[in-house]
Amino acid sequence: MTGRVEGKVAFITGAARGQGRSHAVRLAQEGADIIAIDVCKPIVENTTIPASTPEDLAQTADLVKGLDRRIVTAEVDVRDYTALKAAVDSGVEQLGRLDIIVANAGIGNGGDTLDKTTEHDWQEMIDVNLSGVWKTVKAGVPHILAGGRGGSIILTSSVGGLKAYPHTGHYVAAKHGVVGLMRTFAVELGQHMIRVNSVHPTNVNTPLFMNEGTMKLFRPDLENPGPDDLKVVAQMMHTLPIGWVEPEDISNAVLFLASDEARYITGVTLPVDAGSCLK
């Protein structure tokens, strides 16, 4: 099956690498043109996760163009609504329409218990992972409404949006909040045939998960843990015998929700979690 989103335009945040890049490529493979944004610079102080770069975003653009699809890119912080709106407006002006929003951008910081989490880490997390999702949808929805064709909005939450984990309470709170946004947008926009759903990945093989900080968080018993050490513990989170999934696994879920195959699916929390929610 090909052309599942043929002729449509998708607005994707956090598109320079990882899941966002994968979503852009997967939707382009199925016929969509792309508006891709990413902050492309460090914004988190308390993290070991390397920041995305302008070169990363350019590589995403090259991959989409290599599929003979159009793409408009911009370096934008999802905390900045004015810049978000300008990027979407410009993208729609160039590509002609908007049908799909994938609010994917997110950060990881901290690693303390909630009672020891700093106000800075808390606020930074909420501003990006929750408010940034709201601002992304707020910036894009007017264009979907103007098209009068309906549309699909997919919000990236997490398994941490459905259950709790220690040492990531501010992340868990933000991702639970994304579910509240999703359900409210679904109720408010349903009359316009705009569907809103959330995807809930478990660990994904991207820089946000595969980094020194995560490995030490999972394996504090080791001085210099590596991926194989991480896998031993990460696998315990799942029903299926794997430690993490690949970005393409999330992109396939995003594609399904964006396509007409899911035309009557809205308000759904879709885990891609190797059975993590069963444990």
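Note that this is a predicted model, so its numbers are computed, not measured.

**A few points about the environment of Val5**
At step 1: Within the secondary structure, Val5 sits in the segment before strand S1 (9–13).
At step 2: Separated by 23 residues in the primary sequence, Val5 and Ala28 have C-alpha atoms spaced 8.3 Å apart.

**What to know about helix H3 (residues 81–95)**
At step 1: End to end, H3 covers 21 Å across 15 residues, agreeing with the expected 21 Å (1.5 Å per residue, within 8%).
At step 2: Listed as buried for H3 are Leu84, Ala87, Val88, Gly91, Val92 and Leu95. Buried positions in H3, seen along its axis, are confined to an arc of 125 degrees and lie on one side of it. Of the residues in H3, the exposed ones pointing more than 90 degrees away from the buried face are Thr82 and Glu93.
At step 3: The inward-facing, buried residues of H3 contact S1, strand S2 (33–38), strand S3 (71–75) and helix H4 (119–147).
At step 4: Backbone geometry just downstream of H3 places Gly96 in the positive-phi region, at approximately 100 degrees.

**Describing the nonpolar core**
At step 1: The biggest cluster of nonpolar side chains holds 40 residues, and the ones touching the most others in it are Phe11, Leu98, Ile153, Leu155 and Val196.
At step 2: Within the residue set of this core, elements represented by two or more residues are S1, S2, H3, strand S4 (100–103), H4, strand S5 (151–156), helix H5 (169–189) and strand S6 (194–201).
At step 3: Excluding residues that lie within four positions of it along the chain, Val196 makes contacts with Ile153, Met182, Phe185, Ala186, Leu189, Thr266, Gly267 and Val268.

**A word on the packing of aromatic side chains**
At step 1: A full pass over the atoms with the stated rule returns two aromatic pairs.
At step 2: Ring geometry for Phe209 against Phe218: centres 5.8 Å apart, planes inclined by 90 degrees, an arrangement best described as edge-to-face.
At step 3: Phe209 sits in the buried class, given a relative accessible area of 8%.

**Side note on unusual backbone geometry**
At step 1: For Cys40, which is not glycine, the phi torsion reads 55 degrees and is therefore positive.
At step 2: Relative to the assigned elements, Cys40 resides in the loop between S2 and helix H2 (54–65).
At step 3: We note that Met193 has phi near 60 degrees; this positive angle belongs to a residue other than glycine.
At step 4: In this structure, Met193 sits in the loop between H5 and S6.

**Side note on the sheet that holds strand S7 (residues 269–272)**
At step 1: Judged by pairing direction, the sheet is parallel, and its seven strands sit side by side in the order S3-S2-S1-S4-S5-S6-S7 without closing on themselves. Strands at the two margins of the open sheet, each flanked by one partner only, are S3 and S7. Taking each pair of neighbouring strands and ignoring which way they run, the sheet shows an average axis angle of 15 degrees.
At step 2: Note: S1 against S2, five bridges, orientation parallel. Opposite Ala10, over in S2, you have Ile34 as the bridge partner.

Criteria and thresholds
- Residues numbered from 1 in each chain as written.
- Predicted model: local features only at pLDDT ≥ 70, side-chain atom pairs only at ≥ 80, totals over all residues.
- Heavy atoms only, no water.
- Helix = DSSP H or I, 4+ residues; strand = E, 2+ residues; numbered from the N terminus.
- Expected span 1.5 Å × (residues − 1).
- Buried < 20%, exposed > 50% of the residue type's maximum accessible area, 1.4 Å probe, protein only.
- Arc of directions from axis to C-beta.
- Contact = heavy atoms within 4.5 Å.
- Core = buried A, V, L, I, M, F, W, Y, C linked by side-chain atoms within 4.5 Å.
- Phe/Tyr/Trp six-rings, centres within 6.5 Å; stacked < 30°, edge-to-face > 60°.
- Pairing = 2+ DSSP bridges.
- Axes fitted to C-alpha atoms, helices over the stretch in contact; angles between N-to-C directions.

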